[in-house]
Amino acid sequence: MRILVAGATGAVGRQLVPRLEAAGHEVVGISRRGPRPVDVLDAGAVRRAVAEAAPDAVVHQLTDLGAADGAANNRVRTEGTRNLVEAARAAGVGRIVAQSISWAYAPGNAPAGESVPLDDTQELPRARIVAGVRALETTVAELPEPVVLRYGILYGPGTWYAPGGAVAGALAGDPEARFLGSTAADASVSSFVHVEDAADAAVRALAWPPGAYNVVDDEPAPAHTWLPALAEALGVPAPPRSEGRTPWARGALNTRARALGWSPGRPSWRTGFADQGA
């Protein structure tokens with residue numbers, strides 16, 4: 001197939017493009033930087049890029065997280081996704097694979113499957129985050145064959161959780177370190193996925209039935225367990241254990257993606273963090 005990858009120079013995109021090519025696909029990549037610079041917020045530019053590429057499918061890996069600006073990232077999820085879907089529709093593209101997140105579910109005490117509804121909280125800033133996710137997922141669902149990949153927290157090359165990244169800086173006490181997350185070692189539960197495993201899922205998802213899929217590793221874990229392991233792998237101080245739990249921080253299950261043949265090459269963050277080579 002001829003695949004247009006939007007966000008080809010991002011953390012997942014850099015892993016995804018060579019995997020698509022190795023699988024025999026012809027790839028056209030667009031991003032704000034690189035050989036085909038396209039601003040996803042420019043509807044006309046996006047429409048021209050998609051029309052020129054004439055793809056069989058679109059893979060949406062667009063984010064705006066470099067400055068840890070939640071509002072900017074939300075614009076990509078809302079306006080950017082709208083522009084990409086309209087361009088795909090105009091070009092006659094029916095299949096889209098889109099990056100979402102696995103921590104937008106309603107609160108609960110156990111890891112969430114895909115049947116759990118998205119959070120309906122009115123509390124800010126979470127309400128804005130979930131609204132952006134809901135807009136993204138609703139918009140891609142306007143195409144005939146939408147596949148939504150709800151990634152866990154991404155780690156590995158190019159992410160905030162990589163050696164020398166923003167989380168390492170925050171744990172080391174750098175006041176300039178910026179990321180959208182927490183370094184509280186409490187009972188809030190998270191699910192992770194390595195960027196290579198996220199990219200592998202995106203390749204496979206081109207053949208999956210329409211719907212939403214959690215793309216996470218096999219071990220949801222509380223922060224007081226995974227944060228010390230991450231700190232050790234990064235060679236920075238571990239935060240002290242703290243009390244409390246954020247109710248929506250519950251982790252996610254990967255049963256549905258596994259049933260279609262995907263499995264994480266790094267089944268647990270326990271070995272995955274260490275493999276980053278701190």
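Higher on the page you've got the structure.
Residues numbered from 1 in each chain as written. Predicted model: local features only at pLDDT ≥ 70, side-chain atom pairs only at ≥ 80, totals over all residues. Heavy atoms only, no water.

**Concerning the overall build of the chain**
(1) Moving on: Looking only at helices and strands, one finds nine helices and ten strands in the chain.
(2) Moving on: Rg of the C-alpha trace for the chain: 18 Å, near the compact-globule value of 19 Å for 278 residues, within the 12% margin.
(3) Moving on: Dimensions of the chain along its principal axes, counting C-alpha atoms only, are 55 × 35 × 35 Å.
(4) Moving on: Split into buried and exposed, the 278 residues of the chain put 53% on the buried side. (Helix = DSSP H or I, 4+ residues; strand = E, 2+ residues; numbered from the N terminus. Rg over C-alpha atoms; globule rule 2.2 N^0.38 Å. Buried < 20%, exposed > 50% of the residue type's maximum accessible area, 1.4 Å probe, protein only.)

**Considering the pattern of salt bridges**
(1) Moving on: Scanning the entire structure with this criterion turns up 15 salt bridges.
(2) Moving on: Between Glu86 and Arg82 there is a salt bridge, with the nearest N and O atoms lying 2.9 Å from each other. In this pair, Glu86 and Arg82 are both assigned in helix H3 (residues 70-90), four residues apart and thus about one turn of the helix distant.
(3) Moving on: Where salt bridges share partners, they join Arg19, Glu196, Asp200 and Arg266 into one cluster. (Salt bridge = Lys/Arg side-chain N within 4 Å of Asp/Glu carboxyl O.)

**A short note on the nonpolar core**
(1) Moving on: One finds Val5, Leu16, Leu20, Leu149, Tyr151 and Trp208 to be the most contacted residues of the largest nonpolar core, which totals 30 residues.
(2) Moving on: Secondary structure elements with two or more residues in this core: strand S1 (2-6), helix H1 (11-22), strand S3 (57-60), strand S5 (145-151), helix H6 (195-205) and strand S9 (211-215).
(3) Moving on: The greatest single-element share of this core, amounting to seven residues, is contributed by H6.
(4) Moving on: Excluding anything up to four places from it in sequence, Val5 contacts Leu16, Val17, Leu20, Val27, Val28, Gly29, Ile30 and Val59.
(5) Moving on: Counting 26 residues, the second largest nonpolar core, distinct from the first, contains Ala6, Ile30, Val40 and Leu62. (Core = buried A, V, L, I, M, F, W, Y, C linked by side-chain atoms within 4.5 Å. Contact = heavy atoms within 4.5 Å.)

**As for the packing of helix H2 (residues 43-53) against H3**
(1) Moving on: At their nearest, the axes of H2 and H3 sit 9 Å apart, and the two run at 40° to each other. Judged by the angle between their axes, H2 and H3 are oblique. H2 and H3 meet at a crossing whose hand is right-handed. On the side of H2, the interface is formed by Ala43, Val46, Arg47 and Val50, while H3 contributes Asn83, Leu84, Glu86, Ala87, Ala88 and Ala90.
(2) Moving on: Its residues assigned to classes, the contact of H2 with H3 comprises seven nonpolar, one polar and two charged. (Axes fitted to C-alpha atoms, helices over the stretch in contact; angles between N-to-C directions. Parallel < 35°, antiparallel > 145°, perpendicular 65-115°, else oblique. Left-handed = near helix turned anticlockwise from the far one by under 90°. Nonpolar A, V, L, I, M, F, W, Y, C, P; charged D, E, K, R; others polar.)

**Examining the pairing of S1**
Along any regular strand the residues' side chains alternate between the sheet's two faces.
(1) Moving on: Across the five residues of S1, four count as buried, placing the element largely inside the fold.
(2) Moving on: Relative to strand S2 (residues 26-30), S1 is paired through five bridges, and the arrangement is parallel. If you follow Leu4 over to S2, its bridge partner there is Val28.
(3) Moving on: Between the parallel elements S1 and S2, the chain passes through H1 in a crossover that is right-handed.
(4) Moving on: Here four bridges tie S1 to S3, and the two strands are oriented parallel to one another. Bridge assignment links Ala6 to a residue of S3, and that residue is His60. (Pairing = 2+ DSSP bridges. Right-handed = clockwise from strand over helix to strand, strands pointing away.)

**Some thoughts on H6**
(1) Moving on: Counting buried positions over the eleven residues of H6 gives eight, a clear majority of the element.
(2) Moving on: Among the residues making up H6, those that are buried are Val195, Asp197, Ala198, Ala199, Ala201, Ala202, Val203 and Ala205.
(3) Moving on: Where H6 is buried, its residues meet H1, strand S4 (95-101), S5, strand S6 (153-155), strand S8 (192-194) and S9.

**So, the side chain of Asp64**
(1) Moving on: One can find Asp64 in the loop between S3 and H3.
(2) Moving on: In this structure Asp64 comes out as buried when scored by relative accessible area, which is 18%.
(3) Moving on: Excluding its chain neighbours within four sequence positions, the residues that come into contact with Asp64 are Arg32, Asp69, Ala72, Asn73 and Val76.

**Quick word on the pairing of S9**
(1) Moving on: Within S9, four of the five residues are buried, which leaves it mostly tucked inside the rest of the structure.
(2) Moving on: Inspection of the sheet shows S5 paired to S9 by five bridges, in the parallel sense. By the bridge assignment for S9, Val148 is matched with Ala212.

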